[in-house]
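Observations on chain architecture
Residues per chain are reported as follows:
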Amino acid sequence: MIKVLSGKYKNRKLNFFDYPSIRPTQSRVKKSLFDTINDLEGKKVLDLCCGVGTLGIEAISRGAKSVKFVDNNNKALSILKQNLSLLSIESDNTIIKSDVIKFISNEQEQYDLILADPPYHKFKLEDFFPALSNNIFNDGILCYETGKHEYIQDLSFKIKKFGNTQLIFWRKNE
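The notes below deal with the structure included here.

Reading the values: the criteria
Residues numbered from 1 in each chain as written. Predicted model: local features only at pLDDT ≥ 70, side-chain atom pairs only at ≥ 80, totals over all residues. Heavy atoms only, no water. Core = buried A, V, L, I, M, F, W, Y, C linked by side-chain atoms within 4.5 Å. Buried < 20%, exposed > 50% of the residue type's maximum accessible area, 1.4 Å probe, protein only. Helix = DSSP H or I, 4+ residues; strand = E, 2+ residues; numbered from the N terminus. Contact = heavy atoms within 4.5 Å. Salt bridge = Lys/Arg side-chain N within 4 Å of Asp/Glu carboxyl O. Pairing = 2+ DSSP bridges. Axes fitted to C-alpha atoms, helices over the stretch in contact; angles between N-to-C directions. 1 Å grid on protein atoms, 1.4 Å probe; cavity = no way out; pocket = protein on both sides within 12 Å on 5 of 7 lines; lining within 4 Å. Points joined across faces, edges and corners; volume = space filled by probe spheres on them. Nonpolar A, V, L, I, M, F, W, Y, C, P; charged D, E, K, R; others polar.

1. Quick look at the nonpolar core
Formed by 30 residues in total, the largest nonpolar core has its most connected members in Leu 33, Ile 37, Ile 57, Phe 69 and Leu 115. Of all elements in the fold, only α1 (27–37), α2 (54–61), β4 (66–71), α3 (74–86), β6 (111–116), β7 (136–147) and β9 (165–171) reach the threshold of two or more residues within this core. Those residues in contact with Ile 37 that sit more than four places away from it in its chain are Leu 113, Leu 115, Ile 141 and Phe 169. Counting residues in hydrophobic clusters, the runner-up holds 22 residues, among them Leu 48, Ile 114, Tyr 144 and Ile 152.

2. Structural notes on unusual backbone geometry
The general pattern is negative phi for most residues beyond glycine and trans for most peptide bonds. The phi angle at Asn 38 is positive, at roughly 70°, despite the residue not being glycine. With respect to the secondary-structure elements, Asn 38 resides in the loop between α1 and β3 (44–48). We classify Asn 38 as exposed; its relative accessible area is 59%. Phi angles above zero are rare outside glycine, and Ser 88 is one such case at about 55°. Looking at the secondary structure, you find Ser 88 in the loop between α3 and β5 (94–97). Ser 88 sits in the exposed class, given a relative accessible area of 56%.

3. A look at the pattern of salt bridges
Tallied over the entire structure, the rule returns seven salt bridges. A salt bridge links Asp 35 to Lys 31; the nearest nitrogen and oxygen atoms lie 2.6 Å apart. A residue pair is termed a helical-turn pair when its members lie 3 or 4 positions apart in one helix, as Asp 35 and Lys 31 do in helix α1 at four residues. Look at Asp 35 and you get partly exposed, because its relative accessible area is 42%. Of the residues examined, Lys 31 reaches a relative accessible area of 46% and is grouped as partly exposed.

4. Quick word on the sheet that holds β7
Spatially, β5-β4-β3-β6-β7-β9-β8 is the arrangement adopted by the seven strands of the open sheet, whose pairing is mixed. Edge strands, defined here as strands with exactly one partner in the open sheet, are β5 and β8 (158–162). Averaged over all pairs of adjacent strands, the angle between their axes in this sheet comes to 15°, without regard to strand direction. Across four bridges, β4 lies against β5 in parallel orientation. Its bridge partner lying in β5, Asp 71 is registered against Lys 97. Contacting β4 and β5, α3 runs over the sheet at an angle of about 170° to β5.

5. Quick look at the layout of surface pockets
Estimates place the volume of the second largest pocket at around 180 Å³. Lining the second largest pocket are Ile 37, Asn 38, Asp 39, Leu 40, Lys 43, Asp 112, Leu 113, Asn 138, Asp 139, Gly 140, Ile 141 and Arg 171. Broken down by secondary-structure element, the contributors of at least two residues to the lining of the second largest pocket are β6 and β7. Classifying every residue of the lining of the second largest pocket gives four nonpolar, three polar and five charged.

6. Things to note about the side chain of Ser 133
Take Ser 133: it is sitting in the loop between α5 (125–128) and β7. For Ser 133, a relative accessible area of 14% puts it in the buried group. Apart from residues no more than four positions distant in its own chain, Ser 133 is found in contact with Trp 170 and Lys 172.

Dropping the structure here:
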């Protein structure tokens, strides 16, 4: 069972389906992620490899103004639409069916927060960064979720580890 952890939709259950390349972010990881980001009020969010939308919906629940959801799995996007409908979320949210790398290479918009939760072992941080650094407003954050196997040496990244999962944060400062 997947629940929204905090905000307007706190404790509301979300639909999910079992599929090998789609795994929801664990509650303790999601809590730490959003506690680290803190203020989302009025923010513009990009949710890459969104699956059924748990991270983007959590951002909306915590006050994000808009979320652009991107994934290439039809079933996941169908359930994402059900989840948005279940919570009566309509605002300025967009759902895009696309290969994430193709999307990144063409994206022109900027965001306050970019969430990237790709299938572990399929992508590496360098597949997303530095390309996405141009899509983040100054003082914006990129949060990349990956397995513990990915080793990052760059001191500009903040890393939090949870068993087999790690969150990698980067804040744009110009």
